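Coordinate inspection notes
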Amino acid sequence: MTKQHKKTLPRAIAFIMLFSLLSMSPVMRIHAEVNSAPDTKKACWISFLDIEALLKDKSEQDFRNKVAAMYDNVTKYGMNTVIVHVRALGDAMYPSDYYPWAEYFTTDRSDPGYDPLQIMLDLAHQKNLQFEAWINPYRLSRDSKSTRSFKATPYYEQFRSFLIEYKASSGQTCLVLDPANPETRTLITNGVKEIVRRYDVDGIHFDDYFYVPGMADNVDTATRKTNVNALISQVYQTIKSLRPDCTFGISPAGNPDSARSQGADIDTWLSTPGYVDYIMPQIYWTDVYVTSRGAEHMFTNRCTAWAQINKQDLPLYVGLALYQAGAKSKSDLGWSTSDTNLAYQYLTALQLGYDGYSLFRYQWLEKDIATTELEHLKIY
């Protein structure tokens, strides 16, 4: 292949993708309209990274103003749900009986004098947005700096007998609650119970941090699944005993095999009642993905794999990588060669029986590089 051909191939592929999207058959258009009913979930993750960058150390009024503006952005692009990181690092963005205040919200972990979760929840409902409380169940820190910060709190000594300290692949020292320990399950369940009892949240949402590399590499996959399942079933039963209308969903890694290796027993969750109300895999690749075997429809392949194991026919929502808009990658060419990736992915997911999407993450709603992708997604 000549250099000129190599240069023009990605653009040609992108053109084909765009043409296919814009000239889709009437059948596909009708199907998309049917599946885009008002109860279709169109969500945005508001990560602790967004909170740290946009909401940290604010007065109550400034906090209210900024959250209201953020929600206006969410609704501007046709979304109806926010999934807000209320507990990311063994901490809480609300007054908790079990965890310290989040350092990503108040620098010195002090009480800000107001309840951020209650305000975010109230404002969401005022703007007709569903609100799900997003929790990292096991993670206590993400690097050496946050490990030192957590160790400086009295909670470190309280949790010390059932936590794991490990070296991440980055070389950073991290802390995590031990999934094998019953005290871990009790703590996490009590934390969930606290939220569901005190706040009228529409759902509890866990993400994909289960057995991450480095924390317990000697534990086999079957044991990992057993340990994680004990927590998931306990949390599910607790939520339903308190508020049957409150949903419990999990967002695993988008590669099913990776999810399984981390202890996410997705096959059981999607075939057996008593674990989750929905699954939201993070399928963060385009259909123009180059491997040693050539170009692959990575997004469609992964979406299909998840749909095939959904034996309960539970709601499936696809996690989409808004943060990749415009990104230049040597392998995932779609992001830099097309601005219709998200729209194409959403329509593809609908065709495969999915019930909605969530975008990772909020800050990209405010970035110019993502605007065209968002506009196309809103239209379709």
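Residues numbered from 1 in each chain as written. Predicted model: local features only at pLDDT ≥ 70, side-chain atom pairs only at ≥ 80, totals over all residues. Heavy atoms only, no water.

Another aspect to go through is the environment of Arg361. Within the secondary structure, Arg361 sits in the loop between β12 (356-359) and α15 (371-379). Once the C-alpha coordinates of Arg361 and Ile46 are considered, the two residues, 315 residues apart in sequence, prove to be 6.0 Å apart. Setting aside chain neighbours within four positions, we find Arg361 in contact with Cys44, Trp45, Ser47, Leu49, Asp50, Leu322 and Tyr323. Among the polar contacts listed, one links the side chain of Arg361 to the side chain of Asp50, at a separation of 2.5 Å. A distance of 3.0 Å separates the side chain of Arg361 from the side chain of Gln363, its partner in a polar contact. (Helix = DSSP H or I, 4+ residues; strand = E, 2+ residues; numbered from the N terminus. Contact = heavy atoms within 4.5 Å. Polar contact = N/O pair within 3.5 Å; in protein donor to acceptor, adjacent residues only side chain to side chain.)

Moving on, we get to the packing of aromatic side chains. One pass over the structure, following the stated rule, counts 20 aromatic pairs. Residues Tyr278 and Tyr317 carry aromatic rings whose centres are separated by 5.1 Å and whose planes lie at 70° to one another, so their mutual orientation is edge-to-face. Taken as a pair, Tyr278 in strand β8 (residues 278-279) and Tyr317 in the loop between α12 (298-308) and β11 (318-320) lie far apart in primary sequence, 39 residues in all. Pair check on accessibility: Tyr278 and Tyr317 agree, each one buried. Ring plane angle 90° and centroid distance 5.7 Å describe the contact between Tyr323 and Phe360, whose orientation is recorded as edge-to-face. Pair noted here: Tyr323 is in the loop between β11 and α13 (334-337) and Phe360 is in the loop between β12 and α15, with a separation of 37 residues, a long-range link. Through a chain of ring-to-ring contacts, the aromatic side chains of Trp45, Trp134, Tyr284, Tyr323, Phe360 and Trp364 assemble into a single cluster. Sitting above the plane of the Tyr209 ring, Arg139 keeps its charged end 4.2 Å from the centroid. (Phe/Tyr/Trp six-rings, centres within 6.5 Å; stacked < 30°, edge-to-face > 60°. Buried < 20%, exposed > 50% of the residue type's maximum accessible area, 1.4 Å probe, protein only. Lys NZ or Arg CZ within 6 Å of the ring centre and 35° of its normal.)

Our focus in this paragraph is the sheet that holds strand β7 (residues 247-250). Judged by pairing direction, the sheet is parallel, and its eight strands sit side by side in the order β8-β7-β6-β3-β2-β1-β12-β11 without closing on themselves. On the outer flanks of this sheet lie β8 and β11, each paired with one strand and no other. Bridge count between strand β1 (residues 41-46) and strand β2 (residues 81-87): four bridges; the pairing is parallel. Bridge pairing in β2 places Cys44 opposite Val82. Packed onto the sheet, helix α9 (residues 221-242) meets β6 (203-206) and β7 and runs at close to 155° relative to β7. (Pairing = 2+ DSSP bridges. Axes fitted to C-alpha atoms, helices over the stretch in contact; angles between N-to-C directions.)

As for its placement among the helices and strands, Gln237 is situated in helix α9. Assessed through its relative accessible area of 46%, Gln237 is described here as partly exposed. Spatially, the C-alpha atoms of Gln237 and Gly274 are 7.1 Å apart, while their sequence positions differ by 37 residues.

Time to look at the confidence of the model for the protein. With 90% of its residues at a pLDDT of at least 70, the protein reaches an overall mean of 91. Contacts of residues 1-36 to residues separated by more than four positions or lying in other chains number 34 contacts, the stretch itself having pLDDT below 50. (pLDDT = per-residue confidence, 0-100.)

As enumerated under the stated definition, the model contains 16 salt bridges in all. Here Lys56 and Glu52 are joined by a salt bridge, their closest N and O atoms 4.0 Å apart. Across the pair Glu194 and Arg198 runs a salt bridge, and its minimum N-O distance is 3.4 Å. Placement of both Glu194 and Arg198 in helix α8 (residues 182-198) is noted, with a separation of four residues, approximately one turn of the helix. By relative accessible area, which is 4% here, Glu194 ends up buried. (Salt bridge = Lys/Arg side-chain N within 4 Å of Asp/Glu carboxyl O.)

So, about the side chain of Glu194. From its side chain, Glu194 meets the backbone nitrogen of Asp97 in a polar contact 2.7 Å long. Sequence-distant contacts of Glu194, defined by excluding residues within four places in its chain, comprise Tyr94, Pro95, Ser96, Asp97 and Tyr98.

So, about the side chain of Ser141. Inspection of the secondary structure puts Ser141 in the loop between β3 (130-135) and α6 (144-151). Polar side-chain contacts of Ser141 include one of 2.6 Å to the side chain of Thr147. For Ser141, the side chain forms a polar contact with the main-chain nitrogen of Leu175, separated by 2.8 Å.

To continue, consider α9. Residue pairs spaced three or four apart in an α-helix point in one direction, given the helix's 3.6 residues per turn. Relative to the 32 Å expected for 22 residues at 1.5 Å per residue, α9 spans 32 Å between its end C-alpha atoms, a close match to the ideal helical length. Looking only at α9, the buried set comprises Arg224, Lys225, Asn227, Val228, Asn229, Leu231, Ile232, Val235, Tyr236, Thr238, Ile239 and Lys240. Those residues of α9 that are buried lie in contact with α8, β6, β7, α10 (256-261) and α11 (266-269). Measuring from the side-chain oxygen of the N-cap residue of α9 to the backbone nitrogen of Ala222 gives 3.1 Å; that N-cap residue is Asp220. (Expected span 1.5 Å × (residues − 1).)

Within the largest apolar cluster, 120 residues are counted, with the highest numbers of intra-cluster contacts made by Tyr71, Phe131, Ile204, Phe206 and Trp269. The residues contacting Phe206, other than those within four sequence positions of it, are Ile135, Pro137, Ile188, Val192, Leu231, Ile232, Val235, Phe248, Gly249, Ile250 and Ser251. (Core = buried A, V, L, I, M, F, W, Y, C linked by side-chain atoms within 4.5 Å.)

Before going further, it helps to examine the pairing of β3. Of all six residues in β3, five are buried, a share of seventy percent or more. For the crossover that starts at β2, traverses helix α5 (residues 116-126) and ends in the parallel β3, the hand is right-handed. Pairing between β3 and β6: four bridges, direction parallel. In the strand pairing of β6, Ile135 is matched with Phe206. (Right-handed = clockwise from strand over helix to strand, strands pointing away.)

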